[in-house]
Structure formats: structure tokens, C-alpha cells
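The lines below spell out each chain.
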Amino acid sequence: MSDDGTRKPHGKHFIAGKLIRGKETFRSTPAHGSAHEFSIGTPELVDRACKGAEEAFRSFGSSTRQERSALLHAIADEIEARAGAITLIGTQETGLPQARLEGERGRTSGQLRLFAEHILSGNHLDSRHDAALPERQPLPRPDLKVVQRPIGPVAVFGASNFPLAFSTAGGDTAAALAAGCPVVVKGHSAHPGTGEIVAEAICAAIGKCGMHPGVFSLIQGGRRDVGTTLVRHSAIRAVGFTGSLAGGRALFDLCAARPEPIPFFGELGSVNPVFLLPNAVRSRGASIARGWSDSLSLGAGQFCTNPGLVMVDAGPDGDAFVASSQSALASVGPQTMLTDGIADAYRGGRERLVAISGVREVLSSACGTRSAVPFLYETTGDTLLANEALWEEVFGPLGLIVRTDGPEQMEEVAWALQGQLTATLQMDEADTEQGRSLMPILERKAGRILVNGFPTGVEVADAMVHGGPYPASTNFGHTSVGTLAIRRFLRPVCYQNVPGELLPLDLA
């Protein structure tokens, strides 16, 4: 325990049921509170964790859905039992407010329980049976059964902006464990103490459920060679990642370059465009501006669904929207960012924008070393279409309003979009015809389309899609949120004329 009575992290790795201290350490950089020492991961520790996961897969891959459901519920229980400790160190490490951490913890437990119930239903198995037709001419048909089976050990990279819901026991881990795949997590160095407590919860649940300890490992910190070794390890069958485009693309290329390539499920973020249609702007532009400003500045803009790009027609209604947005954002005070590096990148994104001819500054202010205030800029559709740099995500509460020259240019802008996690239409009934024209374009561009809402806040539910065409994600056919996420870690196996005694339990 520390001097103030709080829990002091031990700083060790969790390797297949063993706590292991590394030879080298790094020091955490909390937004407030005490810094702590944590062991640095190594390729050797990655090898031990991956071999433990492969050994565990021999039993865990054939475990029953009931056993895995019980494990997921037990992990959620153990996380909630550590609620106070998680919130305390999580707020210190990230600077996120207590209410945000508590909500994220609830989401993390909730998605574990959602997968626990989902696998009991068997809906993820997509099992099918074509009965034998021995008398069929000219050739008989064999008995064919197919079911989804777990792929093997999965590597998960913790995210900087979600210390719980997209990290150690986050959606990737929950989906992989639900599928029957052991998990090796590379923890994010922005919140190692939070990851340590959650890892303890997972290991405690594994022990209570009598599972093989290799079902889970957490490797803290580590240099680039740790991530490289993890995605290249022959035991790893898929990788889950939430982070930057540059980092994700580097890992994607490593996965593809392996002697045996594996799928890389990277969620890389986007600018999440919002299209304001004219009748909606005319009738309720001020309220849309307030809603957009709230969404843009939520959590210091550190969400992958942050709506950083808005399209609105030139003219007086658009002018009024810009003015309302400026007023709403001007009232937002400085907010602590997750890391010094993210704060530096936010300021760098602003400098990149202001250097482009044709971009007008609407709202700006000085940022502290690790804090952010909203920035707001305005440009034209012609300028946006001529400058690829304007399409790049700025991670933080920076908004760019694009003044388009009527519905034709708004469609031209929509066609020019890269892949996005989300796209939003703000429209009234009188805008239906223009909305109908935009919909086929947005379906090509985004994984989730919203009408009269804002994309921050991703519901964890069966029908949710959190992914999209590249560069929003590296595999447009999958999602990292919702029960469909389990399909990333399953593959279909067909059984031809196999007797019931040899079939997996889900088919027998």
C-alpha cells in the first residue's frame, strides 16, 4: 500500500498464470497522482505467453459454451469487485473524470456479460446440415455439417483512449474468449496500473473457473520489438487493434508478411463526416450546432467516432450555423488529454490545418502541455476536394466546417471520402430527396449511418457495427463492437460423413 492508503501496483507481467518481473522498467506518466514503475516487456516473455496460450487452446478451444459463459460472467464479477481501485488509478493515469471511468467500467462488464449470453444462444455458430442423399443420381450426396470453430490464440493491443472497454478485458478480449480463443494482451503504457488490476481480475476468474492459466496473459509496456514479436509469433492466429492509422498499418503489414499470414482486425479511426441538409439547418441550425459542439468536445474529442468534419451549404443559414458552433465551443474549457504525446499531436494537427491556403480560423486558443481546448476552422468544398491533408483525422476537439456549393458538391464531397466508421445526416422531412441521393454513397463509405444524431456513444448491442472501409478499419466485413465481433475469431469447419462421436459438442 502507498502512504495514502491506496493500492500500489506491483508492476509485473501476467504470463500464463505467473507474475513475472522484467529486468528493465518504465515509469508511468499519470495526469495526476503518483507515478509507478512497471516492467518492460521483451520478445522472450512474448514467446512464453504465446506458448502458454497455444497449450491452453488444446482444452479451452473445446470447452463448452456454458463453461466459457461462466468465465465471462466471473471476469465481470471480479472487475466489479475491484471497482474502486480501478476508478482511482484510472483517473490518475488518464486524467479522465470519475464518471467517465465508472461508465466505461460498466460498459466493459456489460459487454463481457453480453457475450456470455450470446454464446449460450448458439447464434454465432451458424451451423448447417445437408443430409446425405445416397440415392441421388448421377452421384450420391454425402452427409455435410458445418459449424464455426475457434481459430486459436489471439493477440490484443490495448488502446490509449479506452483504458477499460478497448483494452485488457475490452471488446476484443471478450469476443476472443467467448469464441474459445486464448488471449495475449500487449498493455498500453498510458494506463499500465489500470491494466494490471483488470488482469488480476481476469486471472482470478480463470482460477475460480478451473481454466488453464495460459488462457490469458498481459505483457506490460515494451518497445516496438514486443509488438513485432507478438504479431509474428507462429501461435498467434489473429490480431485485434485499436489505435492510429500509422501504427495499425505497420502491424497489418507485419501480419500479411508472415510465412503464414493471419487476419489483422484494426480499428484505425476516421473523421466521421456530418452532412447538414438545408431544411434541417434552416429550422433548427442552432440546436444542431449545440449538439455537434457537445459531441466534438466530449472527452476532449478523444473518441474514434468524434465528428470532426461538417458539411453545410454556403449562405446565411450556414453562416448562422458557424456562428452558433463558435459560440457553443467557446464556452468549453481546457480538458486533460490522455497523454503528453496525444496533446502534442493535437497541437500538431492544428498547425497542419492553418498552413493550408483557404482554411479560415473561426475559434482558437492556447493549449496547456497536456490539455486541449476546442479549435474550429472553416473552408470551402473546393478547398477540401483539392487538399488531401484536410481529410486526415485530428485526434481531439478540432472541428472543420466545409461550406459546400449546393447538393451536387455535397455529393461530390461524399464520393471523395475515404472509409469511415460513421457518417451522419442531419435532415428534416423536406430533405428526404437529398438524403435519398446521399444514402447509397454513404453506404459505400461508412460502417454506421446515423440520422439526426451524433456518432459519439457506441451502443454495445447485437446490431452495432464499429468498423468500416479502409482506413477506418483494415477489414470492412467485421466489427469490433457488438456480438458480431465474435466472428473475427471463428472459422467454419465442414464435417463430411463424420460420426456423432467425433463431432464437436456444438454439432453432436
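Just so you know, these numbers come straight off a predicted model, no measurement behind them. (Residues numbered from 1 in each chain as written. Predicted model: local features only at pLDDT ≥ 70, side-chain atom pairs only at ≥ 80, totals over all residues. Heavy atoms only, no water.)

**Remarks on the nonpolar core**
Link 1 in the chain: In this structure, L309 and F489 are the most contacted members of the largest nonpolar core, which totals 83 residues.
Link 2 in the chain: With 7 residues, helix α6 (residues 192–208) is the largest single contributor of residues to this core.
Link 3 in the chain: Of all hydrophobic cores here, the second largest spans 24 residues; its members include C50, V226, L254 and C255. (Core = buried A, V, L, I, M, F, W, Y, C linked by side-chain atoms within 4.5 Å. Buried < 20%, exposed > 50% of the residue type's maximum accessible area, 1.4 Å probe, protein only. Helix = DSSP H or I, 4+ residues; strand = E, 2+ residues; numbered from the N terminus.)

**Remarks on the sheet that holds strand β5 (residues 128–130)**
Link 1 in the chain: The antiparallel open sheet is built from 3 strands, whose spatial order is β5-β6-β21. Each edge of the open sheet is held by one strand with a lone partner, namely β5 and β21 (490–496). The mean inter-strand angle of the sheet, taken between neighbouring strand axes irrespective of direction, is 25°.
Link 2 in the chain: As judged from the 3 bridges shared by β5 and strand β6 (residues 144–150), these two strands associate in the antiparallel manner. From the neighbouring strand, D130 faces β6, where its bridge partner is L144. (Pairing = 2+ DSSP bridges. Axes fitted to C-alpha atoms, helices over the stretch in contact; angles between N-to-C directions.)

**Some thoughts on the sheet that holds strand β15 (residues 360–363)**
Link 1 in the chain: Within the open sheet, the 7 strands sit side by side as β15-β17-β18-β13-β12-β19-β20. Their pairing is mixed. Of all strands in the sheet, those bounded by a partner on one side alone are β15 and β20 (446–451). Sheet twist, expressed as the average angle between the axes of neighbouring strands with direction ignored, equals 20°.
Link 2 in the chain: Bridge count for strand β19 (residues 420–426) against β20 is 5 bridges, and the pairing is parallel. Paired with T424 across the bridge in β20 is L450.
Link 3 in the chain: The sheet strands contacting helix α14 (residues 432–445) are β12 (274–276), β19 and β20, and the helix crosses β20 at an angle near 150°. (Contact = heavy atoms within 4.5 Å.)

**Re the packing of helix α9 (residues 278–297) against helix α10 (residues 316–330)**
Link 1 in the chain: Two elements in contact, α9 and α10, have axes separated by 8 Å at closest approach and are oriented at 35°. In this structure, the crossing between α9 and α10 has a hand that is right-handed. Across the interface between the two elements, V281, R282, G285, A286, I288, A289, R290, W292, S293, L296 and S297 of α9 pack against D317, G318, F321, S324, S325, A328 and L329 of α10.
Link 2 in the chain: Of the residues in the contact of α9 with α10, the class split is 9 nonpolar, 6 polar and 3 charged. (Left-handed = near helix turned anticlockwise from the far one by under 90°. Nonpolar A, V, L, I, M, F, W, Y, C, P; charged D, E, K, R; others polar.)

**Re α9**
In an α-helix, one full turn covers 3.6 residues, which means residues spaced three or four apart are oriented alike.
Link 1 in the chain: The first and last C-alpha atoms of α9 sit only 24 Å apart over 20 residues, clearly below the 28 Å expected at 1.5 Å per residue.
Link 2 in the chain: Looking at the residues trailing α9, positive phi occurs at G299, about 60°. (Expected span 1.5 Å × (residues − 1).)

**Looking at the packing of aromatic side chains**
Link 1 in the chain: Applying the stated criterion across every chain yields a total of 9 aromatic pairs.
Link 2 in the chain: Ring centres 5.7 Å apart and planes at 65° place the aromatic pair F162 and F303 in the edge-to-face group. Residue F162 is found in the loop between β7 (154–157) and α5 (171–179), and its partner F303 is found in the loop between α9 and β13 (309–313); the two are separated by 141 residues along the sequence. Across this residue pair, the class does not change: F162 and F303 are buried.
Link 3 in the chain: Three or more aromatic residues joined by ring pairs form one cluster here, namely F157, F241, F252 and F264. (Phe/Tyr/Trp six-rings, centres within 6.5 Å; stacked < 30°, edge-to-face > 60°.)

**Looking at the pairing of strand β9 (residues 216–219)**
Link 1 in the chain: What you see with β9 is no split at all: F216 and L218 on one side and S217 and I219 on the other are buried throughout.
Link 2 in the chain: Between strand β8 (residues 183–186) and its parallel partner β9, the chain crosses via α6, and the hand of that crossover is right-handed. (Right-handed = clockwise from strand over helix to strand, strands pointing away.)

**Thoughts on the side chain of H466**
Link 1 in the chain: By secondary structure assignment, the location of H466 is in the loop between β20 and β21.
Link 2 in the chain: Given the relative accessible area of 2%, H466 is considered buried.
Link 3 in the chain: A distance of 3.3 Å separates a polar atom in the side chain of H466 from a polar atom in the side chain of E267.
Link 4 in the chain: Sequence-distant contacts of H466, that is, excluding residues within four places in its chain, are made with F166, E267, C304, T305, L421, V458, T479, S480 and V481. (Polar contact = N/O pair within 3.5 Å; in protein donor to acceptor, adjacent residues only side chain to side chain.)

**Details of the pairing of strand β18 (residues 398–404)**
Link 1 in the chain: Across the 7 residues of β18, 7 count as buried, placing the element largely inside the fold.
Link 2 in the chain: Burial along β18 is two-sided: L398, L400, V402 and T404 and G399, I401 and R403, pointing in opposite directions, are all buried.
Link 3 in the chain: Across 6 bridges, strand β17 (residues 375–380) lies against β18 in parallel orientation. Looking across to β18, one finds that T379 is bridged to V402.
Link 4 in the chain: Since β17 and β18 lie parallel, the crossover through helix α12 (residues 381–386) that links them has a hand, and here it is right-handed.

**Concerning the confidence of the model for the chain**
Link 1 in the chain: The predicted model of the chain has a mean per-residue pLDDT of 96, with 99% of residues at 70 or higher.
Link 2 in the chain: Counting interchain partners and residues more than four positions distant, the pLDDT-below-50 stretch residues 1–5 has 4 contacts. (pLDDT = per-residue confidence, 0-100.)

**Digging into α10**
Link 1 in the chain: With 15 residues, α10 ought to run about 21 Å at 1.5 Å a step, and its terminal C-alpha atoms sit 21 Å apart, in line with that.
Link 2 in the chain: Taken together, the buried positions of α10 are occupied by G318, F321, V322, S325, A328 and L329. Viewed along the axis of α10, the buried residues span an arc of 130°, placing them on a single side of the element. Turned more than 90 degrees away from the buried face of α10 sit P316, S327 and A330, all of them exposed.
Link 3 in the chain: On its buried face, α10 is in contact with β12, α9, β13, β15, β17 and β18. (Arc of directions from axis to C-beta.)

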